[in-house]
Amino acid sequence: MPLISTQELCVAYGSKIALDSLSLEVPEGSVGLLGPNGAGKSTLLKTLLGFLTPKSGTAEVMGVNSRRNPLEIRSKVGLMPEQDCHIPGMTGLALVAYAGELCGMPASQALRRGHEVLEYCGLGDARYRMVDTYSTGMLQRVKLAQALVHGPQMLLLDEPTNGLDPKGREEMLQLVYDIWHKFQVNVVLCSHLLPDVERVCDYVLVMQNGKLTAQGTIAELRGGVSARYRVELDRTNDALLDIWKQSGVSIVQQLGVGRFVLDVPADALASRLLYDCAHQAGLVLREVVPARRSLEDVFMEAVQ
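Here's what I pulled together on the structure shown here. (Residues numbered from 1 in each chain as written. Predicted model: local features only at pLDDT ≥ 70, side-chain atom pairs only at ≥ 80, totals over all residues. Heavy atoms only, no water.)

1. A short note on unusual backbone geometry
Across the chain, the bulk of peptide bonds are trans and the bulk of non-glycine residues have phi less than zero. A positive phi angle, near 50°, is found at E8, a position not held by glycine. Within the fold, E8 resides in strand β1 (residues 4–13). Among the residues examined, E8 registers a relative accessible area of 46% and is labelled partly exposed. In the Ramachandran plot, S21 falls in the positive-phi region, its phi being about 50° despite a non-glycine side chain. Turning to its location among the elements, S21 is positioned in strand β2 (residues 16–26). According to the relative accessible area criterion, S21 is partly exposed, its value standing at 37%. (Helix = DSSP H or I, 4+ residues; strand = E, 2+ residues; numbered from the N terminus. Buried < 20%, exposed > 50% of the residue type's maximum accessible area, 1.4 Å probe, protein only.)

2. Section: the sheet that holds strand β6 (residues 77–80)
Pairing between the strands of a sheet is mediated by backbone hydrogen bonds and can be parallel or antiparallel. Ordered in space as β6-β7-β8-β3-β9-β10, the six strands form an open sheet in which the pairing is mixed. The outermost strands of the open sheet, each flanked by one partner alone, are β6 and β10 (211–217). Across the sheet, the mean angle separating the axes of adjacent strands is 15° when strand polarity is ignored. As judged from the six bridges shared by strand β9 (residues 203–208) and β10, these two strands associate in the antiparallel manner. Bridging across to β10, V206 finds its partner in A214. Sitting on the sheet, helix α1 (residues 41–48) touches β3 (30–34), β7 (154–158), β8 (186–190) and β9, and the angle it makes with β3 is about 130°. Relative to the sheet, helix α11 (residues 295–303) contacts β3, β9 and β10, its axis offset from that of β9 by approximately 30°. (Pairing = 2+ DSSP bridges. Axes fitted to C-alpha atoms, helices over the stretch in contact; angles between N-to-C directions. Contact = heavy atoms within 4.5 Å.)

3. Some details on the nonpolar core
Formed by 48 residues in total, the largest nonpolar core has its most connected members in L34, Y134, L144, L155, L157 and V206. Among the elements that make up this core, the one with the highest residue count is helix α5 (residues 136–148) (seven residues). Setting aside residues no more than four positions away along its own chain, L155 makes contact with G78, L144, A147, L148, I179, V185, N186, V187 and V188. Ranked by size, the runner-up nonpolar core spans 28 residues in total, among them V61, V64, I73 and V77. (Core = buried A, V, L, I, M, F, W, Y, C linked by side-chain atoms within 4.5 Å.)

4. What to know about the sheet that holds β1
Spatially, the four strands line up as an open sheet ordered β2-β1-β4-β5, and their pairing is antiparallel. Both edges of this open sheet fall to β2 and β5 (64–65), since each of them pairs with a single strand only. Pairing between β1 and β2: seven bridges, direction antiparallel. Counted as the bridge partner of V11 is L19 from β2. Packed on one face of the sheet, α1 meets β1, β2 and β4 (56–61) and runs near 110° to β1.

5. Quick look at the packing of aromatic side chains
Counted according to the given criterion, the structure contains two aromatic pairs. Centroid distance Y120 to F183: 5.8 Å. Interplanar angle 80°. Geometry classified as edge-to-face. Pair noted here: Y120 is in helix α4 (residues 107–120) and F183 is in the loop between α6 (166–181) and β8, with a separation of 63 residues, a long-range link. An angle of 85° between the planes, with centres 5.2 Å apart, marks the rings of W244 and F260 as edge-to-face. (Phe/Tyr/Trp six-rings, centres within 6.5 Å; stacked < 30°, edge-to-face > 60°.)

6. Examining the packing of α5 against α6
A pair of packed helices can be characterised by two numbers: the angle between their axes and the separation between those axes. Where α5 contacts α6, the two axes come as close as 11 Å, and the packing angle between them is 15°. The orientation of α5 relative to α6 falls into the category roughly parallel. Of the two elements, α5 crosses α6, and the hand of that crossing is left-handed. Residues Q140, R141, L144 and L148 of α5 form the contact with α6, whose own contacting residues are E171, M172, L175 and I179. (Parallel < 35°, antiparallel > 145°, perpendicular 65-115°, else oblique. Left-handed = near helix turned anticlockwise from the far one by under 90°.)

7. What about the side chain of S191?
As for its position among the elements, S191 is in the loop between β8 and α7 (194–200). Among the residues examined, S191 registers a relative accessible area of 1% and is labelled buried. From its side chain, S191 meets the backbone nitrogen of L193 in a polar contact 2.9 Å long. If sequence neighbours within four positions are ignored, S191 has contacts with L33, L34, E159, D196 and V197. (Polar contact = N/O pair within 3.5 Å; in protein donor to acceptor, adjacent residues only side chain to side chain.)

8. Considerations on the pattern of salt bridges
According to the stated counting rule, one finds twelve salt bridges in the structure shown. Among the ionic pairs, D20 bridges to K211, the shortest N-O distance being 3.3 Å. Here K211 lies in strand β10 and D20 lies in strand β2, a separation of 191 residues in the sequence. Among the ionic pairs, K143 bridges to D84, the shortest N-O distance being 4.0 Å. With K143 in helix α5 and D84 in the loop between β6 and α3 (92–102), the pair connects residues that are 59 residues apart, well separated along the chain. Residue classification places K143 among the buried positions, given a relative accessible area of 2%. Residue D84 is classed as partly exposed on the basis of its relative accessible area, which comes to 48%. (Salt bridge = Lys/Arg side-chain N within 4 Å of Asp/Glu carboxyl O.)

Structure follows, in structure tokens:
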């Protein structure tokens, strides 16, 4: 059973189409949801939770239809929203325990569980402080704690590292990484920070204008070692650029004087071809190594 499944899902705000006939299947695990602002990421999350009613099509979370049984989905899912969601005048422990009670937990169980998740999120010493006095990093942690308190089968995390300094960001990413890789709780990470997604996720969805433009494991999307190579020459000249063009070699990126990332025809013996091109131009080829596409390359290609 897929973690998330949609079929021809269409969601509109008046005349504006936010999700346009979106069909996808997402496996269990740690999933990154990428896309520029306005791509439809937040709309998809709200629709999966049953907060928005689709114009047409269907959406299922762990086999449960979001239109027919939204409360069942919400009982299985923890949401860490991008915006602050604390209630003024409550301590961290009271807030998290209250979130557990809202999910149907008995008060005593919610309180006990609140202590546990606050300790896990690094707020054990601040559990009795008023949330109003928390720093930005602490507010992010308490949002994660309230999403975890009822023992969900899946977490939806919307920009969990917003406003964090480098140390706090790394600590938050380690917590998110452990949630799936140690505790087997599914994670959907919605972020515009590609390094965050690459750090904790195994599977990626890329959206643009309400459509799915790329989907797969990070290894699949990066393509492993392809017909892309990083080369270094003693220098460069116009003759070499002309020879590359005639041979079907294209420049992906120039890294410095004599240093390039190149796309080489897939049917060519790359090292032989690049050596011959340099020899014809009267240059010395110092290095040829396979180059992997970055997640940023994948993202830019998908949204363009």
